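Fold and contact review
Okay, here's what each chain looks like letter by letter:
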Amino acid sequence: MSFVISSVEKNSPAEKAGILPGESIVSINGNAIKDVLDYRFYMIDKSLKIEIIGLDGEHHTVSVKKPEYDELGLDFETYLMDKEHCCKNKCIFCFIDQMPPNMRETLYFKDDDSRLGFLFGNYVTLTNLEKEDIDRIIKMHLSPINVSVHTMNPQLRVEMMKNPHAATSLAYLKRLAEAGITLHLQFVLCPGINDGDELRFSFSEVAKLGPAVESAVCVPVGLTKCRENLPKLTPFNKESSLEVISIVDEFREKMLAERGDPVFYAADEFFIKAGLPFPEYEYYGEFTQLEDGVGLCALLKHEFYEAFEYFPPKEYRRKVTIPTGKAAFALIRELADAAESRYNGLKIDVLPIENNFFGEKITVTGLLTGGDIAEQLKDRENGDAVLICETTLRYEHDCFIDDMTPDAVSERLGVPVQMVPNDGYKFLCALLGEEAEDECELIYG
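The structure reproduced in this document is the subject of the present report. Predicted, not measured: the structure shown is a model, and the values here were computed from it.

**Let's talk about the overall build of the protein**
Scanning the protein for helices and strands turns up 16 helices and 15 strands. In summary, the protein has a C-alpha radius of gyration of 25 Å against a globular reference of 22 Å for 445 residues, a match within 12%. Dimensions of the protein, computed from C-alpha atoms along their principal axes, come out at roughly 70 × 55 × 45 Å. The 445 residues of the protein split such that 51% are buried. Put simply, of all contacts in the protein between residues at least 6 apart along the chain, 70% involve residues at least 24 apart. Carbon and sulfur atoms provide 50% of the accessible area of the protein, an area that totals close to 21300 Å².

Written as structure tokens, this is what we have:
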């Protein structure tokens, strides 16, 4: 196996050694390169013997000297050096199976690639992996790894994921934990299926894995309006959400007593559905699973009020509109009220947006579309700017999930649209406008 080198960084160790674009890499120090993990693991040494297939098709060896851990300077056709590994499961709760039709092709791709987990923090189910893959993870000590577990009951995991390997792959968790690989676990909960006593069983089994498990979080199943011919599932309500929080708290107390570390967490959505206030900032420790919606609200609130000390009370003649998902409306309205009380002349309209694209059961801000925002804010006075959370944009930050761009929304509304990170300091700066920009730059260096 070999991989074509698409480019060589100027003045890099690879260029100085004479490696050329178009040549192919075969091995480093006798270790075959199978993908990006092998490449990045074996290139860290100071002294490298790299087997190359030259432009003439002949094999030759190139010697490279460089500081330990420095980049070699090679780029390849794809960041993984080969194709992404797609998911082989057919989970009863899969969000991608509930996508509306006629969206961009990439939104329908189901990845389950452990390499993306190490590179970008993606969650993996382990069902794509064999013993040899686990051996490599342990050898390279690729840590941490985010795992979508859903249940520690082997039979139930097979039923939920529709994959026989879903049961046997649970054994990999123990091997990884014993090898000291840090684990962050995710449980997507479906009412009446893997919550209640099943959740208690799962948490009991997780506790047996020891300190390698740094966090285990529960998130509620997301149900769109596009569930034709899919298993019948129900959303969480107040009662079932309260039960989940109760189970999480039960096991948090046990782990705090035994390890001094809570380990178990419930996603923000459970507190919203249960009608409970969010836990305090300290509840979330290191905020290890923010991307899963665990502690986002508490962190935003903490940062926002902390930012007040950088911006003393004064007059700001400014009006803004903030469209938000229904789940976050109460929090954003609370922060807006606090800002209006502190800064004379500041007027903030917060509008909960109905998610017509995915359906009314989807209430998180991150899944709002440009189309829904533009439609529900049109024909109204939106002030000096419309502030939209950056989580509504795809990774490249160029468009919403429906492919509409922020510029297109701005054109439809006739006012500037400003995308704001989920950061309390930057949120306050965005509310206050240009007068606060210089101060915000000082805060962030």
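What follows picks up the thread again.
**Some remarks on the pattern of salt bridges**
One pass over the full model with this rule turns up 23 salt bridges. Here Glu-375 makes a salt bridge to Lys-378, at a shortest N to O gap of 3.0 Å. On the basis of relative accessibility, which here comes to 35%, the residue Lys-378 falls in the partly exposed class. Three or more residues joined by partner-sharing salt bridges are found here, namely Asp-197, Arg-200, Glu-250 and Lys-254.

**Side note on the sheet that holds strand β7 (residues 123-124)**
Here five strands make up an open sheet; going across it, the order is β7-β8-β9-β10-β11 and the pairing parallel. The sheet is open, and its two borders are formed by β7 and β11 (264-266), each paired with just one other strand. Lying on the sheet, helix α9 (residues 238-259) is in contact with β9 (183-189), β10 (213-220) and β11; it crosses β11 at an angle near 155 degrees.

**With respect to the sheet that holds strand β13 (residues 344-353)**
The four strands are arranged β13-β12-β14-β15 in an open sheet whose pairing can be described as parallel. Single-partner strands in this sheet number two, and they are β13 and β15 (417-420). Along the sheet, successive strands turn relative to each other by an average axial angle of 25 degrees, direction set aside. For strand β12 (residues 315-325) and strand β14 (residues 385-389), the ladder comprises two bridges, and the chain directions are parallel. Looking at β14, one finds that Thr-321 is bridged to Val-386. Along the sheet face, helix α12 (residues 329-342) touches β12 and β13 and points at about 170 degrees away from the line of β13. Seen against the sheet, helix α13 (residues 370-377) touches β12, β13 and β14 and runs at an angle of roughly 120 degrees to β13.

**Focus: the nonpolar core**
Within the largest apolar cluster, 87 residues are counted, with the highest numbers of intra-cluster contacts made by Ile-25, Tyr-39, Leu-74, Leu-173 and Leu-185. Per-element accounting of this core gives the leading share, six residues, to α9. Setting aside chain neighbours within four positions, we find Leu-74 in contact with Ile-5, Ser-7, Val-8, Ala-14, Ile-19, Ile-25 and Tyr-39. The next biggest cluster of nonpolar side chains, apart from the first, holds 31 residues, and it includes Leu-300, Tyr-316, Val-420 and Phe-427.

**Some remarks on unusual backbone geometry**
For the peptide bond that leads from Ser-143 to Pro-144, omega is 0 degrees, which places it in the cis range. Residue His-150 is not a glycine yet carries a positive backbone phi of 75 degrees. Here His-150 is to be found in the loop between β8 (145-148) and α5 (154-161). The backbone phi angle of His-397 is positive, close to 60 degrees, even though this residue is not glycine. Relative to the assigned elements, His-397 resides in the loop between β14 and α14 (406-413). A relative accessible area of 43% places His-397 in the partly exposed class.

**Here's the deal with the packing of helix α8 (residues 196-207) against α9**
Where α8 contacts α9, the two axes come as close as 10 Å, and the packing angle between them is 25 degrees. Considering the angle they form, α8 stands roughly parallel to α9. In terms of crossing hand, the pair formed by α8 and α9 is right-handed. Packed against α8, whose contacting residues are Gly-196, Leu-199, Arg-200, Phe-203, Ser-204 and Ala-207, the element α9 presents Glu-243, Val-244, Ile-247, Val-248, Glu-250, Phe-251 and Met-255 at the interface.

**Here's the deal with the packing of aromatic side chains**
The final tally for this structure, using the stated rule, is 22 aromatic pairs. When the ring of Tyr-281 is compared with that of Phe-287, the centres are 5.2 Å apart and the planes differ by 40 degrees; the resulting orientation is tilted. Residue classification places Tyr-281 among the partly exposed positions, given a relative accessible area of 30%. Taken together, the aromatic side chains of Tyr-265, Phe-271, Tyr-281, Tyr-283, Tyr-284 and Phe-287 make up a single cluster linked through ring pairs. Over the ring of Tyr-316 we find Lys-314, and its NZ or CZ is 5.2 Å from the ring centre.

**Re the environment of Glu-340**
By the element assignment, Glu-340 lies in helix α12. In this structure Glu-340 comes out as partly exposed when scored by relative accessible area, which is 22%. A distance of 3.4 Å separates polar atoms of two side chains, one belonging to Glu-340 and the other to Arg-333.

Rules behind the numbers
- Residues numbered from 1 in each chain as written.
- Predicted model: local features only at pLDDT ≥ 70, side-chain atom pairs only at ≥ 80, totals over all residues.
- Heavy atoms only, no water.
- Helix = DSSP H or I, 4+ residues; strand = E, 2+ residues; numbered from the N terminus.
- Rg over C-alpha atoms; globule rule 2.2 N^0.38 Å.
- Buried < 20%, exposed > 50% of the residue type's maximum accessible area, 1.4 Å probe, protein only.
- Contact = heavy atoms within 4.5 Å.
- Areas by Shrake-Rupley, 256 points an atom, 1.4 Å probe, with all protein chains shown as cover.
- Salt bridge = Lys/Arg side-chain N within 4 Å of Asp/Glu carboxyl O.
- Pairing = 2+ DSSP bridges.
- Axes fitted to C-alpha atoms, helices over the stretch in contact; angles between N-to-C directions.
- Core = buried A, V, L, I, M, F, W, Y, C linked by side-chain atoms within 4.5 Å.
- Parallel < 35°, antiparallel > 145°, perpendicular 65-115°, else oblique.
- Left-handed = near helix turned anticlockwise from the far one by under 90°.
- Phe/Tyr/Trp six-rings, centres within 6.5 Å; stacked < 30°, edge-to-face > 60°.
- Lys NZ or Arg CZ within 6 Å of the ring centre and 35° of its normal.
- Polar contact = N/O pair within 3.5 Å; in protein donor to acceptor, adjacent residues only side chain to side chain.

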